[in-house]
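# Structure assessment
Residue-level listing of the chains:
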Amino acid sequence: MSTNFRLPILAVLVTFFSIISGFSQRKAKAKDDSALKGNPKLVVGIIVDQMRYDYLTRFYDQYDDEGGFKRMMENGFNCKNNHYNYAPTSTGPGHASVYTGTTPATHGIIGNNWYDKENDVEVYCASDDSYASVGTTSDAGKMSPHRMQVTTITDQLRLHTQMQGKTIGIALKDRGAILPAGHAANAAYWFHGADEGKWISSSYYMDKLPQWVIDFNASGVAGSYKKAWTTLKDISSYTESGSDNNVFEGLFEGETSPTFPHNPQELLNKNKDYDIIKSTPFGNSLTADFAIEALKQEELGKDDITDFLAVSFSSTDYVGHKFGVNSKEIEDTYVRLDKDLARLFEALDKNVGEGEYTVFLTADHAAVNVPAYLKSIKIPAGYVDNDSTKEKFANFLKYKYGTEDIVKNFSNYQIFLDHKIINNLDLEVREVQEDIAKEFLSYDYVDRVYTGYQMWQNNYTSGIPYILQNGYNQKRSGDVLLVLKPGTITYSKTGSTHGSPQIYDTHTPLLFYGKGIKKGSTVERTEIPDIAPTISSLLGIAFPNGTTGEPIVEVLEQ
Ligand code: ZN
Ligand code: ZN
Ligand code: ZN
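Summary of the structure given here. Since this is a predicted model, take the numbers as computed values, not measurements. (Residues numbered from 1 in each chain as written. Chains lettered and ligands numbered in written order. Predicted model: local features only at pLDDT ≥ 70, side-chain atom pairs only at ≥ 80, totals over all residues. Heavy atoms only, no water.)

## Remarks on the overall build of the protein chain
- Regarding its fold elements, the protein chain presents 22 helices and 18 strands.
- Relative to the compact-globule value of 24 Å for 558 residues, the protein chain shows a C-alpha radius of gyration of 24 Å, a close match.
- For the protein chain, the spread of C-alpha atoms along the three principal axes comes to 75 × 65 × 50 Å.
- Here the protein chain holds 558 residues, and 59% of them are scored as buried.
- Carbon and sulfur atoms make up 50% of the accessible area of the protein chain, which totals about 23200 Å². (Helix = DSSP H or I, 4+ residues; strand = E, 2+ residues; numbered from the N terminus. Rg over C-alpha atoms; globule rule 2.2 N^0.38 Å. Buried < 20%, exposed > 50% of the residue type's maximum accessible area, 1.4 Å probe, protein only. Areas by Shrake-Rupley, 256 points an atom, 1.4 Å probe, with all protein chains shown as cover.)

## Considering the coordination of the zinc ion (ligand 1)
- Every protein donor of the zinc ion (ligand 1) is accounted for by D49 (OD), T91 (OG1), D364 (OD) and H365 (NE2), and the metal-donor separations fall at 1.9 to 2.1 Å.
- Around the zinc ion (ligand 1), the 4 donor atoms are arranged such that angles at the metal cover 95 to 131 degrees; this shape is classified as tetrahedral.
- The two metals, the zinc ion (ligand 1) and the zinc ion (ligand 3), are separated by 4.2 Å. One end of the pair, D49, is in the loop between strand 1 (42-48) and helix 3 (54-58); the other, H365, is in the loop between strand 10 (357-363) and helix 15 (371-376), and 316 residues separate them in sequence. Just as D49 is buried, H365 falls in that class too. (Donors = N, O, S within 2.8 Å, 3.2 Å for Na, K, Ca; no water. Tetrahedral: all angles 85-135°; square planar, octahedral: opposite > 155°, others 65-115°.)

## Concerning the coordination of the zinc ion (ligand 3)
- Around the zinc ion (ligand 3), the protein supplies D317 (OD), D317 (OD), H321 (NE2) and H498 (NE2) as donor atoms, at distances of 2.1 to 2.5 Å.
- Taken together, the 4 donor atoms coordinating the zinc ion (ligand 3) span angles of 55 to 156 degrees at the metal, a pattern that classifies the geometry as irregular.

## Digging into the packing of aromatic side chains
- What the rule picks out here adds up to 30 aromatic pairs.
- For the ring pair Y55 and F59, a centre distance of 5.5 Å and an interplane angle of 25 degrees mean the geometry is stacked.
- Aromatic ring contacts, followed pair by pair, group F393, F396, Y401, F410, F440, Y443 and Y445 into a single cluster.
- Just above the ring of Y274 sits the side chain of K226; from NZ or CZ to the centre is 5.2 Å. (Phe/Tyr/Trp six-rings, centres within 6.5 Å; stacked < 30°, edge-to-face > 60°. Lys NZ or Arg CZ within 6 Å of the ring centre and 35° of its normal.)

## Observations concerning the pattern of salt bridges
- Applying the stated criterion to the full structure yields 20 salt bridges.
- Here D64 makes a salt bridge to K339, at a shortest N to O gap of 2.5 Å. Taken together, the residues D64 in the loop between helix 3 and helix 4 (68-75) and K339 in helix 14 (residues 328-351) connect sequence positions 275 residues apart.
- Overall, the relative accessible area of 35% leaves K339 in the partly exposed class.
- One salt bridge in this structure joins D418 and K408, with 3.8 Å as the shortest N-O distance. Of the two residues, D418 is situated in the loop between strand 13 (414-417) and helix 17 (419-424) and K408 in strand 12 (residues 407-411); the sequence distance between them amounts to 10 residues.
- For D418, a relative accessible area of 13% translates into the label buried.
- Salt bridges here are not isolated pairs; linked through shared partners, they connect D49, K173 and D317. (Salt bridge = Lys/Arg side-chain N within 4 Å of Asp/Glu carboxyl O.)

## Quick notes on helix 22 (residues 531-539)
- Of all 9 residues making up helix 22, 8 are buried, and the element is well covered by its neighbours.
- Burial in helix 22 covers these residues: I531, A532, P533, T534, I535, S536, L538 and L539.
- Backbone geometry just after helix 22 places G540 at a positive phi near 70 degrees.

## Some thoughts on empty space enclosed by the protein
- A full pass over the atoms with the stated rule returns 1 cavity of 30 Å³ or more.
- Approximately 190 Å³ is the volume found for the largest cavity.
- What lines the largest cavity is a set of 20 residues, among which Y413, L482, G499, S500 and P501 lie closest to the centre.
- Among the elements of the structure, strand 15 (480-484) and strand 16 (488-489) are those that each provide at least two residues to the lining of the largest cavity. (1 Å grid on protein atoms, 1.4 Å probe; cavity = no way out; pocket = protein on both sides within 12 Å on 5 of 7 lines; lining within 4 Å. Points joined across faces, edges and corners; volume = space filled by probe spheres on them.)

## Looking at the sheet that holds strand 15
- Reading across the sheet, the 4 strands line up as 12-13-15-14 and stay open at both edges, with antiparallel pairing between neighbours. Edge positions in the open sheet fall to strand 12 and strand 14 (446-451), since each of these has one partner strand only. Across the sheet, the mean angle from the axis of one strand to that of its neighbour is 20 degrees, orientation sign disregarded.
- Judged from the 2 bridges that link them, strand 13 and strand 15 form a sheet pairing that is antiparallel. In the strand pairing of strand 15, Q414 is matched with L481.
- Most of the contacts of helix 18 (residues 429-441) go to strand 14, to which it runs at about 175 degrees, and overall it touches strand 12, strand 13, strand 14 and strand 15. (Pairing = 2+ DSSP bridges. Axes fitted to C-alpha atoms, helices over the stretch in contact; angles between N-to-C directions. Contact = heavy atoms within 4.5 Å.)

## Things to note about the side chain of N78
- With respect to the helices and strands, the residue N78 is situated in strand 2 (residues 77-83).
- In this view, N78 contacts Y53, L56, M73, L510, L511, G520, S521 and T522; residues no more than four positions away in its chain are not counted.

## Examining the sheet that holds strand 5 (residues 133-134)
- The strand order 5-8-7-6-9-1-10-17-2-18 describes an open sheet built from 10 strands, whose pairing is mixed. Among the strands making up the open sheet, the edge pair consists of strand 5 and strand 18 (520-527).
- Here strand 6 (residues 167-171) pairs with strand 7 (residues 187-192) via 4 bridges, running parallel. Paired with I168 across the bridge in strand 7 is A187.
- The strands that helix 12 (residues 282-297) touches are strand 1, strand 6, strand 7, strand 8 (198-202) and strand 9 (307-313); relative to strand 9, the one it contacts most, it runs at about 170 degrees.

## A word on the environment of P145
- In this structure, P145 sits in the loop between strand 5 and helix 7 (153-160).
- C-alpha separation for the pair P145 and A126, spaced 19 residues apart in sequence, amounts to 5.6 Å.
- In this structure, P145 is in contact with I178, L179, G182, H183, Y204 and Y205, ignoring residues within four places of it in sequence.

Structure (structure tokens):
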């Protein structure tokens, strides 16, 4: 919980109790030790890529009573007003923030990709050329978490257990596996589609894949998911979404209408192209299969030293990007994910034991309803016209400064300026930031503008500027920050996206379930960086070293 008034009260209470309880410390110590023995044998962190909070409520009646979501909602703790407290709301920053308990301002993962000012190159959040691929002939394994500047909850568990607690990250997307697993992980595995269809890793973790991963890859499980996508239940029962055929949905290559059954022969017949699995709910099933295999083969949660399995379900994001928040495809994807989660929980019951493990579930960001759909029902929304923006902005730069070179890069809604050229022109960086900000404010799709200088000088505590500042890293972020009008995106006219500081991108589910977790719910605001310190408190281990969140006390049995 990050409400500001809580802190002093908490500090006073802590001091008060430590004074009055001083005399009984020895007794309390014995109790603590037995509490430590009561730690969960395994923590499972689940991130559902692009999951909005309202997918829990909108599809509630579709979820099985014995399924995954209801098991957590009915028997665990539901934080209903949980938000990302920074922008850009994208996958790399999202995964890093959940596991580090802080924001890009501190952990440094400011986007999936960003412009590296120091070295004048574009970088990817998880790429690392100093390591080699493991399990693939491609470069898809040359990865590590080295750009993440602080520890994760998984790192702290490794430190606390003298490296005995196992930590493993699994996701179709490399960044969804690597950032949660942390720096000191035993392993991270991600899926390389293309012509291989294999779970792979990096020499950062290991020299070769364990035999069980080699066996899984050889089993043909991935290939079995290259199949037509029909709805799991009768499509007429999916009353919580729009019509199957509409202009707000994208198409698979070779399809002529965005309707079930999705049977894009052009893609399915390409024998070697396994990437189509990612864009269907079968990618999540494959992830659950592999996570369950890891659980068994790595003997996670078998002894009293807590292990950590970090699993991200990435297909929800691919489906959302293609078909949008309101599509039948999204509804079916969540109905199916509910079953995959149930399967994972059953495997946990069997292999670790019911009541012996703790699970949390959240998302790495949410998503906007397709703006073209919103517009069609008269809700303000729209798209950025990239071509006219480019032309207008180039003309402004030429007229004002005599050169376009003053702008180095535009990414993640930030403009990076060339400070050397500004100095050579005898201009002040601060003034150029302000002039460019003002220019953008005159573009009709822009809602607000801020400068890097403002981010340095102020301490924002609420609203959009607070969110921008939490995402602003002094060493890595840009010179001018743009916020588009609500419902406005830079994207195709079909499908949903995310990345903004607006509430539809920040509002994500947060469920806790299992050992040490109370039953209940709250509508008080919680923020993503609160998750890691909550789990740290549950385990009695140190917080990740950049933590800015606070433990959510209501969640924990104590
Ligand atoms: Zn994502
Ligand atoms: Zn459709
Ligand atoms: Zn996405």
